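Chain by chain, the residues:
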Amino acid sequence: MHTCPNCQSKDIGKIGSHQFYCWSCFIEWSVSGDKVSVFQVEEDGTLSSLDDLFFEQEEVSQQIQLG
């Protein structure tokens, strides 16, 4: 993955073997096979999942296109 799944920026860094960080919108994501998990980095360094925000929108779009 060469662009941020949130803002499409190419200003990303690799922080693990399958983990990335966007320097433009400050989110972190991991890739496992075909699955992407997106996280917000909190002030204390913990990660909060944003998957429900990102992937719920995709499901609604797919349902509209199929309907």
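Up top you'll find the structure we're talking about.
Residues numbered from 1 in each chain as written. Predicted model: local features only at pLDDT ≥ 70, side-chain atom pairs only at ≥ 80, totals over all residues. Heavy atoms only, no water.

### Looking at the side chain of Asp51
Thinking step 1. Tracing the backbone shows Asp51 in helix α1 (residues 51-66).
Thinking step 2. Comment: no salt bridge for buried Asp51; closest opposite-charge side chain is Lys35, at 5.1 Å.
Thinking step 3. Polar contacts involving the side chain of Asp51 include one to the main-chain amide nitrogen of Val38, which spans 2.7 Å. (Helix = DSSP H or I, 4+ residues; strand = E, 2+ residues; numbered from the N terminus. Buried < 20%, exposed > 50% of the residue type's maximum accessible area, 1.4 Å probe, protein only. Lys, Arg positive; Asp, Glu negative; His and termini not counted. Salt bridge = Lys/Arg side-chain N within 4 Å of Asp/Glu carboxyl O. Polar contact = N/O pair within 3.5 Å; in protein donor to acceptor, adjacent residues only side chain to side chain.)

### Details of the sheet that holds strand β3 (residues 27-32)
Thinking step 1. If you walk across this open sheet you meet the five strands as β1-β2-β3-β4-β5, and the pairing is antiparallel. Two strands bound the open sheet, and with one partner strand each, they are β1 (12-16) and β5 (47-49). This sheet shows a mean twist of 35° between the axes of neighbouring strands, independent of strand direction.
Thinking step 2. Here three bridges tie strand β4 (residues 35-41) to β5, and the two strands are oriented antiparallel to one another. Paired with Phe39 across the two strands is Ser49, which belongs to β5. (Pairing = 2+ DSSP bridges. Axes fitted to C-alpha atoms, helices over the stretch in contact; angles between N-to-C directions.)

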